[in-house]
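Spelled out from the first residue to the last, the chains are:
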Amino acid sequence: MKGRQRFIVEHEGSRLDRFLADKLDGLSRGHVKDLIERGCVTVGGKQSKANYRLRAEEVIEIVFPGSAAGGADFERWVLHEDKHLLVLRKPAGLLMHPLGESWLSAPRAAITDKRSNLAGLLQEHRPGILDNGVERCGIVHRLDRQTSGVLLVAKTPQAYEALLEDFKERRITKLYRALVRGVPKEERARVRAPIGRNPGHRRVIVTQFGKSAETAFRLLERAAGAALVEARPLTGRTHQIRAHLAYLGHPVLGDIEFDKQRPGEPWPERMLLHAYRVELTHPGTGRKASYTAPLPADFRSFWKQLKAAR
């Protein structure tokens, strides 16, 4: 939902928030209140409170806000697009969708979320995806908020189902780049260790209480007390790469869940994990396809700084 909407009150007495919640399909009363509090709603040209009692013939106008900073750059994120598939270069810091599950039953609520999120941006910049009836605004897999890189978005219900099935059957290859603490002794390693949350804890770690997980790693380059590695998750568990690297004793730099800054050492502004490449069967053509997102500037700059310290 974007742009402006205008309503003329027919019957007096209704509260402003209740009136708009009835008129705006897909937005809950809570999201309507948020719009009102943010000054996006006027009655007769003036801002009003959510509990304002409307009068007949009053004109209500809503100016829907754009998503948070970064939305203007959306087109720059596009790596590939056709009628079946949208491939994005997700920037670090971008949420996939609002927290909680309410946006799934009311997707347009994602647009009014106070933080920038991909579900809301897709509705603003590619409204046809939701109009086509694609679930979850076409989002078929996730990247952590701080993780940058390649992200697939389905544009049709058929593409959505095909991609979900391919992820489930592990037919899609994902390759990541990570800057890690220390230099692995082996050029290659494969970790087979269950990950999950211990009872009563939030952090995902290698634990006997977890689900089976497997990740292949390859050392790409060395620096002073750090390394650039490639990670290929062979299963699709949440936080799998981070947990397995920490298990090896080489946590991702900037990952506050597993690593801490040491006195006098440089520290990145975010966790330096990047989804570098995705290889798949295109859901529309059936042909093999590969999409790569070059390392972002902050990642390259920090790595250059580490190598200069050797």
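As shown above, the structure is provided for reference.
Described below are features of the structure shown in this document. (Residues numbered from 1 in each chain as written. Predicted model: local features only at pLDDT ≥ 70, side-chain atom pairs only at ≥ 80, totals over all residues. Heavy atoms only, no water.)

**Overview of the nonpolar core**
Step number 1: Ranked by internal contacts, the top residues of the largest apolar core, which has 49 residues, are Leu118, Leu122 and Leu152.
Step number 2: Here this core gets five residues from one element, more than from any other, and that element is strand S7 (residues 148-154).
Step number 3: When near neighbours in sequence (up to four residues on either side) are disregarded, leucine 118 contacts Phe74, Leu88, Leu94, Leu95, Met96, His97, Ile139 and Leu151.
Step number 4: Counting residues in each nonpolar core, the second largest holds 16 residues, with Phe7, Leu16, Leu35 and Ile62 among its members. (Core = buried A, V, L, I, M, F, W, Y, C linked by side-chain atoms within 4.5 Å. Buried < 20%, exposed > 50% of the residue type's maximum accessible area, 1.4 Å probe, protein only. Helix = DSSP H or I, 4+ residues; strand = E, 2+ residues; numbered from the N terminus. Contact = heavy atoms within 4.5 Å.)

**With respect to the sheet that holds strand S1 (residues 4-8)**
Step number 1: An order of S1-S4-S2-S3 is seen for the four strands of this open sheet, with the pairing classed as antiparallel. The two strands at the open ends of the sheet, each matched to only one other strand, are S1 and strand S3 (46-47).
Step number 2: One ladder, built from five bridges, connects S1 with strand S4 (residues 59-63); its direction is antiparallel. From the neighbouring strand, isoleucine 8 faces S4, where its bridge partner is valine 59.
Step number 3: Seen against the sheet, helix H1 (residues 16-23) touches S1, strand S2 (41-43) and S4 and runs at an angle of roughly 65 degrees to S4. (Pairing = 2+ DSSP bridges. Axes fitted to C-alpha atoms, helices over the stretch in contact; angles between N-to-C directions.)

**A short note on the pairing of strand S14 (residues 273-281)**
Step number 1: The pairing of S7 with S14 spans two bridges and is classified as parallel. When the bridges of S14 are listed, glycine 149 appears paired with alanine 275.
Step number 2: Here strand S8 (residues 173-181) pairs with S14 via six bridges, running antiparallel. Following the sheet pairing, tyrosine 176 is matched in S14 by alanine 275.
Step number 3: Bridge count for S14 against strand S15 (residues 288-292) is five bridges, and the pairing is antiparallel. What sits directly across from threonine 281, in S15, is lysine 288.
Step number 4: Between S14 and S15, which pair antiparallel and follow one another directly, the connecting turn spans six residues, one of which, glycine 286, has a positive phi of 80 degrees.

**Examining the pattern of salt bridges**
Step number 1: This model, assessed by the stated rule, comprises 16 salt bridges.
Step number 2: Linking glutamate 265 and arginine 181 is a salt bridge whose minimum nitrogen-to-oxygen distance equals 2.7 Å. Here glutamate 265 is found in the loop between helix H8 (240-248) and S14, whereas its partner arginine 181 is found in strand S8, with 84 residues between them in sequence.
Step number 3: On the basis of relative accessibility, which here comes to 21%, the residue glutamate 265 falls in the partly exposed class.
Step number 4: For arginine 181, a relative accessible area of 9% puts it in the buried group.
Step number 5: We note a salt bridge from glutamate 221 to lysine 307, for which the minimum N-O separation is 3.1 Å. On the criterion of sequence distance, the pair formed by glutamate 221 in strand S12 (residues 214-223) and lysine 307 in helix H9 (residues 297-308) is long-range, its members being 86 residues apart.
Step number 6: Residue glutamate 221 is classed as partly exposed on the basis of its relative accessible area, which comes to 32%. (Salt bridge = Lys/Arg side-chain N within 4 Å of Asp/Glu carboxyl O.)

**Examining unusual backbone geometry**
Step number 1: Not every positive phi belongs to a glycine, and arginine 136 is a case in point at roughly 50 degrees.
Step number 2: Inspection of the secondary structure assignment puts arginine 136 in the loop between helix H6 (127-131) and S7.
Step number 3: Residue arginine 136 is classed as partly exposed on the basis of its relative accessible area of 31%.

**A look at the layout of surface pockets**
To locate leftover empty space, one rolls a probe as large as a water molecule over the atoms.
Step number 1: Approximately 790 Å³ is the volume attributed to the largest pocket.
Step number 2: At the level of elements, helix H7 (157-168), S8, strand S13 (226-233) and H8 are the ones that each hand at least two residues to the lining of the largest pocket.
Step number 3: Residues that form the lining of the largest pocket fall into these classes: eleven nonpolar, eight polar and nine charged. (1 Å grid on protein atoms, 1.4 Å probe; cavity = no way out; pocket = protein on both sides within 12 Å on 5 of 7 lines; lining within 4 Å. Points joined across faces, edges and corners; volume = space filled by probe spheres on them. Nonpolar A, V, L, I, M, F, W, Y, C, P; charged D, E, K, R; others polar.)

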